[in-house]
Amino acid sequence: MLNTDIERVLVPQKEIAQIVKNLGKQITNDFVGEELVVVCILKGSSIFFSDLVREIDLDMKFDFMVLSSYGNGTTSTREVKIVKDLTEDIKDKNVLVVEDIIDSGRTIKSLKELLEKREPKCLKIVTMLNKPDRREVDIVTDYNGKVIPDEFVVGYGLDYAQNYRNLKDICVLSPSVYSK
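Residues numbered from 1 in each chain as written. Predicted model: local features only at pLDDT ≥ 70, side-chain atom pairs only at ≥ 80, totals over all residues. Heavy atoms only, no water.

Asks: Could you give an account of the side chain of glutamate 151, naming the residues involved and the relevant values?
Replies: With respect to the element layout, glutamate 151 can be found in the loop between strand 7 (143-147) and strand 8 (153-154). Among the polar contacts listed, one links the side chain of glutamate 151 to the side chain of arginine 8, at a separation of 2.6 Å. Setting aside residues no more than four positions away along its own chain, glutamate 151 makes contact with Glu7, Arg8, Leu10, Lys131 and Val172. (Helix = DSSP H or I, 4+ residues; strand = E, 2+ residues; numbered from the N terminus. Polar contact = N/O pair within 3.5 Å; in protein donor to acceptor, adjacent residues only side chain to side chain. Contact = heavy atoms within 4.5 Å.)

Asks: Outline the environment of valine 153, supporting the account with residue identities and numerical values.
Replies: With respect to the helices and strands, valine 153 occurs in strand 8. Along the backbone, valine 153 and isoleucine 101 are 52 residues apart, and their C-alpha atoms lie at a distance of 9.5 Å. Ignoring sequence-local partners within four residues, the contact set of valine 153 consists of Leu10, Ile101, Leu129, Ile148, Leu158, Ile170, Cys171 and Val172.

Asks: If you had to explain the packing of aromatic side chains to someone new, which residues and values would you point to?
Replies: A complete count under the given rule lists five aromatic pairs for this structure. Seen in terms of ring centroids, phenylalanine 49 and phenylalanine 62 are 5.0 Å apart; in terms of plane orientation they differ by 75°. Their pairing is edge-to-face. One end of the pair, phenylalanine 49, is in helix 3 (residues 46-53); the other, phenylalanine 62, is in strand 3 (residues 59-68), with 13 residues separating them in the sequence. The exposure class assigned to phenylalanine 49 is buried, which follows from its relative accessible area of 4%. Judged by its relative accessible area of 43%, phenylalanine 62 is partly exposed. (Phe/Tyr/Trp six-rings, centres within 6.5 Å; stacked < 30°, edge-to-face > 60°. Buried < 20%, exposed > 50% of the residue type's maximum accessible area, 1.4 Å probe, protein only.)

Asks: Residue-level account of the sheet that holds strand 9 (residues 170-173), with values.
Replies: One open sheet accounts for three strands, arranged 1-9-8; its pairing is antiparallel. In the strand order of this sheet, the two ends are held by strand 1 (6-11) and strand 8, each with one partner. For strand 8 and strand 9, the ladder comprises two bridges, and the chain directions are antiparallel. By the bridge assignment for strand 9, valine 154 is matched with cysteine 171. (Pairing = 2+ DSSP bridges.)

Asks: Quick one: what's the story with the nonpolar core, residue by residue and with numbers?
Replies: Of all hydrophobic cores here, the largest spans 31 residues; its most connected members are Ile27, Phe48, Leu52, Val126, Met128, Val153 and Ile170. With residues up to four places along the chain from it excluded, the contact list for methionine 128 reads Ile16, Ile19, Val20, Phe48, Glu99, Asp100, Gly145, Lys146, Tyr156 and Ile170. Judged by nonpolar contacts, the second largest core, of 16 residues, contains Leu67, Ile90, Leu111 and Leu123. (Core = buried A, V, L, I, M, F, W, Y, C linked by side-chain atoms within 4.5 Å.)

Asks: Pulling in residues and values, what's your account of the pairing of strand 3?
Replies: Where strand 2 (residues 35-42) meets strand 3, eight bridges bridge the pair, whose relative direction is parallel. Each bridged residue has a counterpart across the sheet, and for cysteine 40 the counterpart in strand 3 is phenylalanine 64. Once you follow strand 2 into helix 3 and on to strand 3, the crossover reads as right-handed. Across three bridges, the pairing between strand 3 and strand 4 (residues 81-84) is antiparallel. Bridge pairing in strand 4 places serine 68 opposite lysine 81. (Right-handed = clockwise from strand over helix to strand, strands pointing away.)

Asks: Can you break down the sheet that holds strand 3 residue by residue, with the values?
Replies: With mixed pairing, six strands are arranged side by side in an open sheet as 4-3-2-5-6-7. With one partner strand each, in any of the chains shown, strand 4 and strand 7 form the two edges of the open sheet. Sheet twist, expressed as the average angle between the axes of neighbouring strands with direction ignored, equals 30°. Where strand 2 meets strand 5 (residues 94-102), five bridges bridge the pair, whose relative direction is parallel. Each residue of the ladder has a partner; that of leucine 36, found in strand 5, is asparagine 94. Lying over the sheet, helix 2 (residues 13-30) contacts strand 2, strand 5, strand 6 (122-130) and strand 7, oriented at roughly 160° with respect to strand 7. (Axes fitted to C-alpha atoms, helices over the stretch in contact; angles between N-to-C directions.)

Asks: Would you mind going over the pairing of strand 9 in detail, with residue names and values included?
Replies: As defined by bridge partners, strand 1 adjoins strand 9 across four bridges and the pair is classed as antiparallel. Across the sheet, valine 11 pairs through a bridge with isoleucine 170, a residue of strand 9.

Asks: Help me get a handle on the environment of tyrosine 160, residues and values and all.
Replies: Note on placement: tyrosine 160 falls in the loop between strand 8 and strand 9. Linking tyrosine 160 and tyrosine 178, residues 18 residues apart in sequence, is a C-alpha distance of 8.0 Å.

Have a look at this one:
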């Protein structure tokens, strides 16, 4: 069944690995001699986060947040809810937010505004995937893995109704799956 759900592979595992390695190198170079608080946005970013932090050669602390704006659908509800907040105080610290995908930009913009109120020394955003064709708000990310077209993707942590996260590649989900 899984094979019939996938229209095609968009970003193969080897390309993902190279993207992550390059991002890790950039981040390491930008924060030489500094410590980072690296924030994983669960659940979608968990695999990207795990791979990325192993490519960053810096002292770091991990923290996790759970945000909700999609539920089980393919379009945002436009309301961003914090389900799990940070446990780490980020005041005067370098913070790197790890996001799986940015499309409308609403979720990450809301999160950025919230975190900036906590007065970090520096707040940067890294995303594995960027979908600028879907952008509804003005948001700039500091580190971008790959720009992709406006297609519904799953795999490498990305899901549809909590399924497909375990795929090693980033794949385009067949519209027949989510238009039933």
